[in-house]
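# Chains, contacts and geometry: an overview
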Amino acid sequence: MLLSGRETETWSLNNTVNFTGDTSTDNIPGDGAFADVNGNRSLRAAINEANAHQGVDVIQLAPGTYTLSLDGQFEDEGLTGDLDIREALTIRGMGATASDTVIDAAQIDRVFHVFPGVELTLQNLTIQGGEAFDGAGIFIEGTTTSTGISSAVKRKGYCPQRKHHRQ
């Protein structure tokens, strides 16, 4: 077999989250699949997998309310508390309207923590219930590109903040 250096690899991943609970993280981050130890395809597990993969990822959320429940502020690996975004990511609600797909932090922490240089795009979904002293909905750390919010509803607890240095 001769290789020219212009070959490409094409693969697809079923990236639709089908579990609204927040019971655990991805079982094996970086393996190209996402699920917790019980096989649940949760939003947190999908984000853990996306963080382990360089390049832009897209997570599709079926209609429903995705409630964060793993308490633990000030943790930056996406294991507890907010959803830590470390690689470029689009999260797309698949409902008819933005109100059909909800990510609710349930006042355990903010909803998203976006790390420096990372782009997060939210489409057709609602974020609510964030609780934090520095960005209850979305905390954008450092210098990063704008967070794209398209057809999104922001409810109580949404307060995007930009910080250039962690406190």
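Data block above holds the structure.
This is a predicted model, so every value here is computed, not measured. (Residues numbered from 1 in each chain as written. Predicted model: local features only at pLDDT ≥ 70, side-chain atom pairs only at ≥ 80, totals over all residues. Heavy atoms only, no water.)

### Some remarks on the pairing of strand 10 (residues 138–141)
Burial along strand 10 is two-sided: the face carrying Ile-138 and Ile-140 and the face carrying Phe-139 and Glu-141 are both buried. In the sheet, strand 7 (residues 112–114) pairs with strand 10 via three bridges, with the strands oriented parallel. Bridge pairing in strand 10 links Val-114 to Ile-140. (Buried < 20%, exposed > 50% of the residue type's maximum accessible area, 1.4 Å probe, protein only. Helix = DSSP H or I, 4+ residues; strand = E, 2+ residues; numbered from the N terminus. Pairing = 2+ DSSP bridges.)

### Quick look at the pattern of salt bridges
This model, assessed by the stated rule, comprises two salt bridges. Residue Arg-110 pairs with Asp-82 through a salt bridge whose shortest N-O separation is 2.7 Å. Separated by 28 residues along the polypeptide, Arg-110 in the loop between strand 6 (101–104) and strand 7 and Asp-82 in the loop between strand 3 (64–67) and strand 4 (83–85) bring together distant segments of the chain. Overall, the relative accessible area of 2% leaves Asp-82 in the buried class. Salt bridges linked by common partners bring Asp-82, Asp-109 and Arg-110 together as one network. (Salt bridge = Lys/Arg side-chain N within 4 Å of Asp/Glu carboxyl O.)

### A look at helix 1 (residues 43–51)
Judged by how many residues are buried, helix 1 sits mostly within the fold: nine of nine residues are covered. All buried positions along helix 1 are accounted for by Leu-43, Arg-44, Ala-45, Ala-46, Ile-47, Asn-48, Glu-49, Ala-50 and Asn-51.

### A few points about empty space enclosed by the protein
Within this structure, the stated rule accounts for one cavity of 30 Å³ or more. Empty space within the largest cavity amounts to approximately 30 Å³. Every residue along the wall of the largest cavity is listed here: Gln-73, Phe-74, Asp-109, Arg-110, Ala-132 and Phe-133. Looking at the lining of the largest cavity residue by residue, the class counts come to three nonpolar, one polar and two charged. (1 Å grid on protein atoms, 1.4 Å probe; cavity = no way out; pocket = protein on both sides within 12 Å on 5 of 7 lines; lining within 4 Å. Points joined across faces, edges and corners; volume = space filled by probe spheres on them. Nonpolar A, V, L, I, M, F, W, Y, C, P; charged D, E, K, R; others polar.)

### Thoughts on the side chain of Thr-101
For Thr-101, the position within the fold is in strand 6. Overall, the relative accessible area of 0% leaves Thr-101 in the buried class. Every residue in contact with Thr-101, bar those within four places of it in the chain, is listed here: Leu-61, Ala-62, Pro-63, Gly-64, Tyr-66, Gly-93, Met-94, Gly-95, Asn-124, Leu-125 and Thr-126. (Contact = heavy atoms within 4.5 Å.)

### Section: the packing of aromatic side chains
Summed over the entire model, instances satisfying the criterion amount to zero aromatic pairs. The aromatic ring of Phe-34 is capped on one face by Arg-41, whose charged end is 4.2 Å from the ring centroid. (Phe/Tyr/Trp six-rings, centres within 6.5 Å; stacked < 30°, edge-to-face > 60°. Lys NZ or Arg CZ within 6 Å of the ring centre and 35° of its normal.)

### Concerning the environment of Asn-124
When you line up the elements, Asn-124 lands in the loop between strand 8 (120–123) and strand 9 (126–128). Along the chain, Asn-124 and Thr-97 lie 27 residues apart, while their C-alpha atoms are 6.3 Å from each other. Here the side chain of Asn-124 touches Gly-93 through a polar contact of 3.1 Å, landing on its backbone oxygen. Here Ala-98 takes part through its backbone nitrogen, which lies 3.1 Å from a polar atom of the side chain of Asn-124. (Polar contact = N/O pair within 3.5 Å; in protein donor to acceptor, adjacent residues only side chain to side chain.)

### Let's talk about the nonpolar core
Ranked by internal contacts, the top residues of the largest apolar core, which has 29 residues, are Ile-47, Leu-61, Ile-91, Ile-103 and Phe-112. Every element with two or more residues in this core is listed here: helix 1, strand 2 (57–61), strand 4, strand 5 (89–93), strand 7, strand 8 and strand 10. It is helix 1 that contributes the most residues to this core, five residues altogether. Not counting the four nearest positions on each side in its chain, Ile-47 is found in contact with Ile-59, Leu-83, Asp-84, Ile-85, Leu-89, Ile-91 and Phe-112. (Core = buried A, V, L, I, M, F, W, Y, C linked by side-chain atoms within 4.5 Å.)

### Brief notes about the pairing of strand 5
Within strand 5, four of the five residues are buried, leaving the element largely enclosed by the surrounding structure. Where strand 2 meets strand 5, five bridges bridge the pair, whose relative direction is parallel. When the bridges of strand 5 are listed, Leu-61 appears paired with Gly-93. Two strands pair when backbone bridges link them, and strand 5 and strand 8 are joined in this way by four bridges, in the parallel orientation. By the bridge assignment for strand 8, Arg-92 is matched with Gln-123.

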